[in-house]
Amino acid sequence: ARPVIAIVGRPNVGKSTIFNRIIGDRLAIVEDKPGITRDRIYGSGEWNGIAFSVIDTGGIEIDGEDGLLRLVRAQAELAIEEADVIVFMVDAKAGLTNADEEVAQILFRSGKPVVVGVNKVDNLQRMDDIYEFYSLGFGDPVALSGSHGIGIGDLLDAAVAKL
Ligand code: GDP
Ligand code: MG
């Protein structure tokens, strides 16, 4: 089977924007099963001749901090089960948050390879914003701008290298 890349992170960091940049129009059709809440979207991508599946986690948003933490935890755990490599998305404009650190702990315990993607680095003046994310402990963060299509190739280089 194809390797699976899962995109994980708290709401609003830009997971779906990056997912769409990776898959282009290769959205997978997944049949809904009655009684099962679907909160993952599947697509496919290819990079350096390697075909892979991509999961965009998170279609449900719950208000409040407790709900948010529950949500990111549940998403991360689902994605971990299926993923061969995890893209952990964070937001350069918001900076490092408690919810990011919650997700990091779950991902770290999983032992799966993780690439940190720092989204919303929309211009070179923001490049310094990526450094605080080294503290997550997953190595070099990759600077991204989903809006501007910056860094997608670097992200895929890093992800495919860990497959
Ligand atoms: P998700 O909840 O993690 O899937 O995030 P979305 O992809 O839905 O994006 C959340 C918000 O961030 C939207 O308003 C996007 O337009 C915005 N956004 C996504 N990528 C970028 C980016 O690179 N730069 C900026 N400034 N905004 C972005
Ligand atoms: Mg989304």
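All figures in this text were calculated on a predicted structure; none of them were measured in a lab. (Residues numbered from 1 in each chain as written. Chains lettered and ligands numbered in written order. Predicted model: local features only at pLDDT ≥ 70, side-chain atom pairs only at ≥ 80, totals over all residues. Heavy atoms only, no water.)

### Some remarks on the overall build of the protein chain
Now for step 1: A tally of regular secondary structure across the protein chain gives 4 helices and 6 strands.
Now for step 2: Put simply, the protein chain runs from its N terminus to its C terminus through helices and strands in the order β-α-β-β-α-β-α-β-β-α.
Now for step 3: A burial count over the protein chain gives 46% of its 163 residues as buried.
Now for step 4: Partitioning the intrachain contacts of the protein chain with sequence separation of at least 6 by distance along the chain shows that 69% fall at a separation of at least 24.
Now for step 5: Surface exposure of the protein chain reaches about 8400 Å², of which carbon and sulfur atoms provide 48%. (Helix = DSSP H or I, 4+ residues; strand = E, 2+ residues; numbered from the N terminus. Buried < 20%, exposed > 50% of the residue type's maximum accessible area, 1.4 Å probe, protein only. Contact = heavy atoms within 4.5 Å. Areas by Shrake-Rupley, 256 points an atom, 1.4 Å probe, with all protein chains shown as cover.)

### What to know about the nonpolar core
Now for step 1: Membership of the largest hydrophobic core comes to 25 residues, with the highest contact counts inside it found for Phe88, Leu107, Val116, Val118, Leu136 and Phe138.
Now for step 2: Of all the secondary-structure elements, those providing two or more residues to this core are β1 (4-8), α2 (65-82), β4 (85-91), α3 (98-110) and β5 (114-119).
Now for step 3: The greatest single-element share of this core, amounting to 4 residues, is contributed by α3.
Now for step 4: Not counting the four nearest positions on each side in its chain, Val116 is found in contact with Phe88, Val90, Phe133, Leu136, Phe138, Asp140, Pro141 and Val142.
Now for step 5: Among the nonpolar cores identified, the runner-up in size contains 19 residues, and Ile5, Val13, Phe52 and Leu156 belong to it. (Core = buried A, V, L, I, M, F, W, Y, C linked by side-chain atoms within 4.5 Å.)

### Digging into the pattern of salt bridges
Now for step 1: All chains considered together, the criterion is met by 3 salt bridges.
Now for step 2: With a shortest N-O distance of 3.1 Å, Arg10 and Asp100 are connected by a salt bridge. In this pair, Arg10 sits in the loop between β1 and α1 (15-23) while Asp100 sits in helix α3, placing the two residues 90 residues apart along the sequence. Across this residue pair, the class does not change: Arg10 and Asp100 are buried.
Now for step 3: With its nearest N and O atoms 3.1 Å apart, the salt bridge here joins Lys120 to Asp91. Residue Lys120 is found in the loop between β5 and β6 (142-143), and its partner Asp91 is found in strand β4; the two are separated by 29 residues along the sequence.
Now for step 4: Relative accessible area serves as the criterion here: at 6%, Asp91 is assigned to the buried category. (Salt bridge = Lys/Arg side-chain N within 4 Å of Asp/Glu carboxyl O.)

### Some points on the site of ligand 1
Now for step 1: What surrounds ligand 1 is a group of 15 residues, the closest being Asn12, Lys15, Thr17, Asp122 and Ser147.
Now for step 2: Within the side chain of Ser147, one N or O atom sits 3.0 Å away from a nitrogen atom of ligand 1.
Now for step 3: Take the shell around ligand 1: its biggest share by element is 3 residues, from α1.
Now for step 4: Per-class residue counts for the shell around ligand 1 are 2 nonpolar, 8 polar and 5 charged. (Near = heavy atom within 4 Å. Polar contact = N/O pair within 3.5 Å; in protein donor to acceptor, adjacent residues only side chain to side chain. Nonpolar A, V, L, I, M, F, W, Y, C, P; charged D, E, K, R; others polar.)

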